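Here are the chains, one letter per residue:
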Amino acid sequence: MRGFLPLSLMASVASFWFALGHGGNLELAVVLPALAIMLAAMLAERRWAYRADWSRSRGDAAADLASAGVLFAAVDPLLKWFGPVAVTAALASFGVGKSLDLFPTGWPFALQVLLAALIAEFGSYWSHRWHHERASLWWLHALHHGSERLYTLNNFRFHPLNYALNYLMGIAPLLVVGVPEAVIMGYFAATLPVLMVQHANLPLQNGWLNYLFSTNEIHRWHHSSRAGEGDTNFGRSLVIWDQVFGTYRNLPANNDPLAIGLYAGSPYPSRASFAGQVWSMFLAGCCRQTA
């Protein structure tokens, strides 16, 4: 399946570009294609699964559905409201307006989107990496790695605090430097299709895109149950900063991790319900075992 991701990217960018040029709703122009891509991936998994055993529930579907519901219904809308308010309040405390007005809004639009992407992905990269390297943060992120299979829906398997920290590390810097809303939406248009299929149980063959985007082919390595393999490919949707900081991993096709999930011996309660896993951060033993 060589064309799925390129066509998805083109459809998303075309939808955004049309809305931008005709005064349309930019958020809808980005979100609707992303939802369509996600649904198409979920349907395609039923017919062209990359691994048949990943199509069978392992008691994780309920947690994945609960997490997706919480993120879409509460966490994401709250962050979209709270993020700008928090940034404005923080800047106001230093006697600054809504932003520092450092972003080069006079640049060509495509270059503005590229710069915004590099800024957002830099923050997201380090947020993700720190969630692997620091014990207290790992406990939040372990919920995402608790599933022993990869399929489209568990892309949305996140502890709310983990999701919030990732969002703030990636998006808040854009608000601080004064990136226009249209540029931010342009960044989303160029990256949400990647996220929608990042965990897809599909035999996508992305070729050179694997060196730019965090595709499902290379993201499998990030979910390896072996530390040497799993502590790689931290990029949210791009792997540019993985290339820079030496955490990029990509091997030939059909050379995959032996197992997906938490590292061996982890005390994290990955078999618990979504609520139980979220609550576990308050229980004794909230730590990480890496081997």
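Small disclaimer: the values here were computed from a predicted structure and weren't measured.

Analysis parameters
Residues numbered from 1 in each chain as written. Predicted model: local features only at pLDDT ≥ 70, side-chain atom pairs only at ≥ 80, totals over all residues. Heavy atoms only, no water. pLDDT = per-residue confidence, 0-100. Helix = DSSP H or I, 4+ residues; strand = E, 2+ residues; numbered from the N terminus. Axes fitted to C-alpha atoms, helices over the stretch in contact; angles between N-to-C directions. Parallel < 35°, antiparallel > 145°, perpendicular 65-115°, else oblique. Left-handed = near helix turned anticlockwise from the far one by under 90°. Contact = heavy atoms within 4.5 Å. Nonpolar A, V, L, I, M, F, W, Y, C, P; charged D, E, K, R; others polar. Patch = residues over 30% accessible without salt bridge, like charges linked within 9 Å, V, L, I, M, F, W, Y side chains within 5 Å. Areas by Shrake-Rupley, 256 points an atom, 1.4 Å probe, with all protein chains shown as cover. Salt bridge = Lys/Arg side-chain N within 4 Å of Asp/Glu carboxyl O. Buried < 20%, exposed > 50% of the residue type's maximum accessible area, 1.4 Å probe, protein only. Expected span 1.5 Å × (residues − 1).

Draft legend 1. Quick look at the confidence of the model for the chain. Taken as a whole, the chain shows an average pLDDT of 92; of its residues, 96% reach a score of 70 or greater. Within the chain, no element has a lower average pLDDT than helix α9 (residues 227–230), which sits at 84, and none a higher one than helix α1 (residues 4–21), at 98.

Draft legend 2. Looking closely at the packing of α1 against helix α7 (residues 181–196). One way to put it is that α1 packs onto α7 with a least axis distance of 7 Å and a crossing angle of 160°. It follows that α1 is roughly antiparallel to α7 by the angle criterion. The handedness of the crossing between α1 and α7 comes out as right-handed. Residues Leu 5, Ser 8, Leu 9, Ser 12, Val 13, Phe 16 and Leu 20 of α1 form the contact with α7, whose participating residues are Ala 182, Met 185, Gly 186, Ala 189, Ala 190, Pro 193 and Val 194. Residues of the contact of α1 with α7, tallied by class, amount to 11 nonpolar, three polar and no charged.

Draft legend 3. Just a nonpolar patch on the surface, in detail. On the surface, Leu 78, Trp 81, Phe 82 and Val 85 cluster together into a nonpolar patch covering about 420 Å² of accessible area. Along the chain, Val 85 turns up in helix α3 (residues 61–92). Given the relative accessible area of 39%, Val 85 is considered partly exposed.

Draft legend 4. Looking closely at α3. Here α3 is 32 residues long and its end C-alpha atoms lie 44 Å apart, about the 46 Å a rise of 1.5 Å per residue gives. Of all the positions in α3, only Ala 63, Asp 64, Ser 67, Ala 68, Leu 71, Val 75, Asp 76, Leu 79, Gly 83, Val 87 and Leu 91 are classed as buried. Turning to α3, the residues buried within the fold contact α6 (160–177) and α11 (274–279).

Draft legend 5. Up close: the packing of α1 against helix α2 (residues 26–47). At their nearest, the axes of α1 and α2 sit 8 Å apart, and the two run at 160° to each other. By the criterion of interaxial angle, the relationship of α1 to α2 is roughly antiparallel. Considering the relative orientation of α1 and α2, their crossing is right-handed. Of the residues in α2, those touching α1 at Phe 4, Ser 8, Ser 12, Ser 15, Phe 16, Ala 19 and Leu 20 are Leu 26, Ala 29, Val 30, Pro 33, Ile 37, Ala 40 and Ala 41. Residues of the contact of α1 with α2, tallied by class, amount to 11 nonpolar, three polar and no charged.

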